[in-house]
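Examining the three-dimensional arrangement
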Amino acid sequence: MPVARPEPQEPRVIAHVDMDCFYVQVEQRRNPELRGQPTAVVQYNDWKGGGLIAVSYEARKFGVKRSMRGDEAKMVCPSINLVQVPVARDKADLNVYRSAGSEVVAILSTKGKCERASIDEVYLDLTDAAKEMLLESPPELLELIFEEATKSNILGLPSVIFVLHDLIVVSLQFDMNVTNRASYVQDVINREDSVRAWLCRADADYQDKLLSCGAIIVAQLRVKVLEETQFTCSAGIAHNKMLAKLVSGMHKPAQQTVVPSSAVQDFLVSLPIKKMKQLGGKLGSSLQDDLGVNTVGDLLSFTEDKLQEYYGVNTGTWLWKIARGISGEEVEDRLLPKSHGCGKTFPGPKALKNNASVKTWLDRLCEELSERIQSDLNQNKRIAQTLTLYARACRKNKSDSIKKFPSKSCPLRYGTVKIQEDAMKLFESGLHDFLGSQNTKWSITSLSVSASKIFDIPIGTSSILRYIKGPNSTVSPANLDCSSLPEDPSLGNKLYIAPNHEEHCEPSLSEKEDYGNNSNLAKQCQIKEEKKVSKKLTEVKIILGPESSSEPNKAEEHKAAQYVDRKKFNTAGSNSASSSTWMFNVEDIDPAVVEELPPEIQREIHGWIRPPKQSSSKTRGSTISSYFQPAKRSG
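Below or above, wherever it landed, is the structure these notes cover. (Residues numbered from 1 in each chain as written. Predicted model: local features only at pLDDT ≥ 70, side-chain atom pairs only at ≥ 80, totals over all residues. Heavy atoms only, no water.)

**Describing the overall build of the chain**
When its secondary structure is counted, the chain shows 19 helices and 21 strands. The 635 residues of the chain split such that 45% are buried. Of the roughly 33500 Å² of accessible surface on the chain, a fraction of 50% belongs to carbon and sulfur atoms. (Helix = DSSP H or I, 4+ residues; strand = E, 2+ residues; numbered from the N terminus. Buried < 20%, exposed > 50% of the residue type's maximum accessible area, 1.4 Å probe, protein only. Areas by Shrake-Rupley, 256 points an atom, 1.4 Å probe, with all protein chains shown as cover.)

Here it is, written out as structure tokens:
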């Protein structure tokens with residue numbers, strides 16, 4: 001359910017930029033002969049010519065719609081060019097469109113905080129840029145206003161402005177009958193002049209002056225996008241994300257719309273409730289069925305308390321605010337997607353009806369997902385943490401009922417094979433819940449997998465293996481279940497880890513002094529070792545060496561060595577000051593502390609420590625050695 005966000009105290013300038021039938025534009029850039037021609041991009045599907053996912057404005061004039069199939073579009077517009085989406089792994093490959101969208105984002109992000117909402121739409125917070133313009137070069141002082149800005153659509157602005165005795169009279173709205181006022185008119189200023197006059201008003205309030213600056217900035221960005229990418233886009237400019245999104249598509253293609261504060265109520269009053277973001281589903285239907293609310297204006301008749309009574313405190317307040325054009329949602333500073341997903345539909349006879357066919361398609365989807373998250377890791381140093389499987393399914397029984405297939409999630413393990421294995425397990429778990437105790441036939445009509453909870457890898461974070469060295473053998477990250485980590489060529493062959501599955505009996509100082517006089521000491525030591533081995537305690541020996549490539553890492557190793565000495569860890573191997581050996585018991589590791597480590601280090605630790613034990617209260621230290629307690633020695 002939506003939640004009301006606190007409003008910012010200062011006015012904002014927010015823009016929503018939406019590309020014009022973007023997939024078609026990408027194909028027209030790839031093949032310039034398609035420019036100006038009726039064109040549609042078709043999803044990969046050979047049934048009835050495939051589904052249309054983008055339609056050019058030239059084709060729309062003939063009545064072609066996105067809801068049509070390719071064959072139907074040809075009947076409506078015989079001259080239409082149908083371009084199929086690129087195909088990989090027997091499914092649509094959208095990478096060419098994602099890359100083109102990234103070109104646009106790179107340009108738009110130069111003027112303010114930028115949030116990439118999808119392949120072809122972006123939110124911009126231009127508040128700082130607008131304030132800077134208003135301070136340094138306000139529109140009313142400019143001799144020339146950027147031409148594209150004068151083509152803006154200003155909500156509430158009259159369609160014509162009349163000049164009476166050299167005074168501008170702003171009084172006629174779009175739907176007014178101007179014939180009765182003809183006697184008062186000496187001249188008519190065209191639309192662009194009226195927009196220019198609005199942008200340059202010296203007596204405008206502070207909010208509208210910021211919007212004027214925002215309109216000029218957005219117009220400049222749109223022209224730059226066209227010049228550098230050949231793509232046109234439309235935009236909405238307002239004081240919040242909600243309004244900017246609502247108006248960005250009002251005037252297409254290649255236009256922009258501005259929403260002054262004074263025009264908000266008139267704009268919203270007749271807007272269908274289902275047009276509002278987050279009201280297109282069950283909540284919107286509930287408003288219609290339970291409260292008789294069909295337009296946003298209808299919400300104004302309900303008090304905030306009444307809406308809270310029906311929908312709870314948070315959602316009730318949110319509804320009360322959006323009816324008045326109030327939204328505190330902020331633009332997130334995010335140029336990269338929040339998640340990666342791959343999906344495929346299987347309509348009609350193509351539905352999947354057994355585990356083998358599901359596995360075949362899951363393997364393909366997971367292979368693509370693995371490539372995308374690995375590319376994200378390599379290029380952007382981001383790592384995903386959650387793998388989720390979604391499906392739509394039908395089951396047939398006596399009542400021929402349909403039940404929703406539950407989505408399933410698990411921690412994401414990098415590596416194509418691991419993702420494929422985990423995805424299949426998630427499917428089997430979901431299928432079990434979907435069927436319940438019934439043993440009936442089923443079919444899958446849609447499958448998708450996604451990687452989410454993507455975080456930047458902390459600066460300075462590197463593999464834990466950087467700190468680990470053994471004298472004899474090299475252990476690859478794969479053997480430690482660390483395939484999720486990026487390869488670090490600086491590590492070379494200098495990193496080792498030596499698992500030690502035996503407890504060695506080390507004589508105490510007094511025992512060493514009496515060793516020559518006590519013939520039973522060796523037997524006592526042997527007994528101690530046998531007792532310790534019987535407990536099946538796994539001990540891992542780690543040797544800290546000078547292989548770190550940076551001074552901070554050397555300092556950390558020095559601190560670790562000091563910590564080892566203070567705690568009287570058992571040392572072995574080299575006696576040099578630059579290397580020390582320390583030991584710990586697996587059972588002494590606190591999983592709660594491990595969970596606080598960066599995710600890539602967590603995976604390494606879990607790769608060679610099995611199984612985790614219950615959390616206990618430990619004190620977190622400043623170096624890697626502080627996360628482990630020394631092995632307890634029995635006297």
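**Some thoughts on the pattern of salt bridges**
Oppositely charged side chains may form a pair once their charged atoms are brought near each other. Inspection of the entire model under this criterion finds 24 salt bridges. Residue Asp-18 is joined to Lys-252 by a salt bridge in which the shortest nitrogen-to-oxygen separation is 3.6 Å. With a gap of 234 residues between them, Asp-18 in strand β1 (residues 14-19) and Lys-252 in the loop between α8 (241-247) and β14 (256-258) connect regions that are remote in the sequence. Residue Lys-209 is joined to Glu-140 by a salt bridge in which the shortest nitrogen-to-oxygen separation is 3.8 Å. On the criterion of sequence distance, the pair formed by Lys-209 in helix α7 (residues 206-229) and Glu-140 in the loop between α5 (127-136) and β9 (153-154) is long-range, its members being 69 residues apart. Since its relative accessible area comes to 28%, Glu-140 is described here as partly exposed. Residues participating in the shared-partner salt-bridge network are Glu-115, Lys-241, Glu-329, Glu-332 and Arg-334. (Salt bridge = Lys/Arg side-chain N within 4 Å of Asp/Glu carboxyl O.)

**What about the packing of helix α11 (residues 304-311) against helix α12 (residues 313-322)?**
Each pair of packed helices can be described by the angle between their axes along with the distance between the axes. For the pair α11 and α12, the least separation of the axes is 7 Å and the interaxial angle reads 135°. The orientation of α11 with respect to α12, classified from their angle, is oblique. For the element pair α11 and α12, the recorded crossing hand is right-handed. Residues Glu-304, Leu-307, Gln-308 and Tyr-311 of α11 form the contact with α12, whose participating residues are Val-313, Thr-315, Gly-316, Thr-317, Leu-319 and Trp-320. For the contact of α11 with α12, the residue count by class is five nonpolar, four polar and one charged. (Axes fitted to C-alpha atoms, helices over the stretch in contact; angles between N-to-C directions. Parallel < 35°, antiparallel > 145°, perpendicular 65-115°, else oblique. Left-handed = near helix turned anticlockwise from the far one by under 90°. Contact = heavy atoms within 4.5 Å. Nonpolar A, V, L, I, M, F, W, Y, C, P; charged D, E, K, R; others polar.)

**Observations concerning the environment of Asn-380**
Its place among the elements puts Asn-380 in helix α13 (residues 355-380). With 44 residues separating them in the primary sequence, Asn-380 and Leu-336 have C-alpha atoms 8.8 Å apart. Discounting chain neighbours no more than four positions away, the residues touching Asn-380 are Leu-336 and Ser-375. Side chain to side chain, Asn-380 and Asp-376 meet in a polar contact 2.7 Å long. (Polar contact = N/O pair within 3.5 Å; in protein donor to acceptor, adjacent residues only side chain to side chain.)

**Some words on the nonpolar core**
Residues Phe-22, Tyr-23, Val-41, Leu-108, Leu-124 and Phe-231 are the most contacted members of the largest nonpolar core, which totals 51 residues. Per-element accounting of this core gives the leading share, 10 residues, to α7. Look past the residues within four positions of Leu-108 in its chain and what remains in contact with it is Val-17, Val-122, Leu-124, Leu-221 and Val-225. If you look at the next biggest cluster of nonpolar residues, it comprises 36 residues, including Tyr-414, Phe-427, Leu-431 and Val-449. (Core = buried A, V, L, I, M, F, W, Y, C linked by side-chain atoms within 4.5 Å.)

**Quick word on the state of the cysteines**
For the structure shown, the criterion picks out zero disulfides. Considering cysteine sulfurs only, Cys-366 is the nearest to Cys-410, which forms no disulfide, with 9.8 Å between them. (Disulfide = S-S within 2.5 Å.)

**Some details on empty space enclosed by the protein**
One pass over the full model with this rule turns up two cavities of 30 Å³ or more. Here the second largest cavity is characterised by a volume of approximately 40 Å³. Along the walls of the second largest cavity sit Val-17, Met-19, Gly-101, Val-104, Leu-108, Ile-119, Asp-120, Glu-121 and Val-122, which together make up its complete lining. Listing elements by their share of the lining of the second largest cavity, those giving two or more residues are β1, α4 (95-108) and β8 (121-125). Here the lining of the second largest cavity gets three residues from one element, more than from any other, and that element is α4. (1 Å grid on protein atoms, 1.4 Å probe; cavity = no way out; pocket = protein on both sides within 12 Å on 5 of 7 lines; lining within 4 Å. Points joined across faces, edges and corners; volume = space filled by probe spheres on them.)

**Details of the sheet that holds strand β2 (residues 39-42)**
Pairing within the open sheet is mixed, and its three strands lie in the order β3-β2-β4. At either margin of the open sheet sits one strand with a lone partner, and together these are β3 (52-55) and β4 (81-84). When strand polarity is set aside, the average angle formed by the axes of neighbouring strands in this sheet is 25°. Where β2 and β3 come together, three bridges link them in antiparallel fashion. Among the inter-strand pairings, Val-42 is bridged to a residue of β3, identified as Leu-52. Packing against the sheet, helix α1 (residues 22-30) makes contact with β2, β3 and β4, and its axis sits at approximately 105° to β2. (Pairing = 2+ DSSP bridges.)

**Topic: α1**
Most of α1 is tucked away, with seven of its nine residues classed as buried. Tucked inside the fold, the buried residues of α1 contact β1, β2, β3, β4 and α4.

**Digging into helix α14 (residues 416-435)**
Taking 1.5 Å per residue, 20 residues should reach 28 Å; α14 reaches 28 Å between its end C-alpha atoms and fits that length. Within α14, the full set of buried residues consists of Lys-418, Ile-419, Gln-420, Asp-422, Ala-423, Met-424, Leu-426, Phe-427, Gly-430, Leu-431, Phe-434 and Leu-435. Phi for Gly-436, located one or two positions after α14, is positive at around 65°. (Expected span 1.5 Å × (residues − 1).)

**Observations concerning the environment of Leu-283**
Tracing the chain through its elements places Leu-283 in helix α10 (residues 282-291). For Leu-283 and Pro-2, which are 281 residues apart along the polypeptide, the C-alpha to C-alpha distance reads 9.5 Å. Residues within four places of Leu-283 in sequence aside, it is in contact with Met-1, Pro-2, Gln-278, Tyr-311, Thr-315 and Trp-318.

**What about unusual backbone geometry?**
For the peptide bond that leads from Lys-252 to Pro-253, omega is -5°, which places it in the cis range. Looking at where Pro-253 falls in the secondary structure, it is placed in the loop between α8 and β14. Backbone geometry at Arg-89 places phi at a positive 55°, although glycine is not the residue there. Relative to the helices and strands, Arg-89 resides in the loop between β5 (87-88) and β6 (91-92). For Arg-89, a relative accessible area of 22% puts it in the partly exposed group. Despite not being glycine, Gln-278 shows a phi value in the positive range, around 75°.

**As for a nonpolar patch on the surface**
On the surface, Phe-62, Met-75 and Val-76 cluster together into a nonpolar patch covering about 320 Å² of accessible area. Looking at the secondary structure, you find Phe-62 in the loop between α2 (57-60) and α3 (70-76). (Patch = residues over 30% accessible without salt bridge, like charges linked within 9 Å, V, L, I, M, F, W, Y side chains within 5 Å.)

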